[in-house]
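Here is what each chain is made of, one letter per residue.
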Amino acid sequence: MDCIFCKIIAGQIPGDKVYEDEKVFAFRDINPQAPVHVLIVPKKHMRNILECDEETAAAVLRAVKAIAAAEGVSVSGFRVVTNCGRDGAQSVEHLHFHLLGGDKLSETMA
Ligand code: 5GP
Ligand code: ZN
């Protein structure tokens with residue numbers, strides 16, 4: 001499958017890995033929007049949050065907590081976002097959650 005995130009997970013193209021477990025892989029965004037900008041990606045290919053099962057969602061939640069702590073933003077705060085579909089401005093069709101922090105983020109969401 002011609003999916004850039006599947007290729008990063010498989011190690012076929014480089015990714016700056018920050019976390020991995022059985023179900024989830026996480027790496028730094030190539031075009032960071034904040035000092036901390038990590039993409040949390042299920043290892044299983046699924047297009048968006050509508051295709052996400054509860055087991056995967058639980059693994060993503062575990063990853064969010066671990067990465068926030070490791071990146072030092074648990075106390076200062078951070079934001080988790082997933083874009084879905086055209087109006088959500090999703091550009092990579094493999095489900096991913098952006099974890100953003102390390103600075104005061106915009107108060108607007110859209
Ligand atoms: P989306 O717009 O789909 O929510 O987010 C896709 C994100 O993937 C963007 O923030 C973009 O910078 C990031 N991205 C796209 N291609 C690559 C890549 O090859 N490597 C990494 N690390 N990030 C990527
Ligand atoms: Zn994929």
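The structure displayed is predicted, hence computed values, not measured ones.

### Some remarks on unusual backbone geometry
Move 1: Here Ala-89, not a glycine, exhibits a phi torsion of approximately 60°, which is positive.
Move 2: Tracing the chain through its elements places Ala-89 in the loop between strand 4 (78-81) and strand 5 (97-101).
Move 3: Residue Ala-89 is classed as exposed on the basis of its relative accessible area of 55%.

### Brief notes about the coordination of the zinc ion (ligand 2)
Move 1: Surrounding the zinc ion (ligand 2) are the protein donor atoms Cys-3 (SG), Cys-6 (SG), His-45 (ND1) and His-94 (ND1), at 2.0 to 2.3 Å.
Move 2: Coordination at the zinc ion (ligand 2) is tetrahedral: its 4 donor atoms span angles of 102 to 117° at the metal.
Move 3: Spacing between the donor residues of the zinc ion (ligand 2) along their common chain follows C-x2-C-x38-H-x48-H. Of this pair, Cys-6 sits in helix 1 (residues 4-9) while His-94 sits in the loop between strand 4 and strand 5, placing them 88 residues apart in sequence.
Move 4: With a relative accessible area of 21%, Cys-6 lands in the partly exposed category.
Move 5: In this structure His-94 comes out as buried when scored by relative accessible area, which is 0%.

Conventions adopted
Residues numbered from 1 in each chain as written. Chains lettered and ligands numbered in written order. Predicted model: local features only at pLDDT ≥ 70, side-chain atom pairs only at ≥ 80, totals over all residues. Heavy atoms only, no water. Helix = DSSP H or I, 4+ residues; strand = E, 2+ residues; numbered from the N terminus. Buried < 20%, exposed > 50% of the residue type's maximum accessible area, 1.4 Å probe, protein only. Donors = N, O, S within 2.8 Å, 3.2 Å for Na, K, Ca; no water. Tetrahedral: all angles 85-135°; square planar, octahedral: opposite > 155°, others 65-115°.

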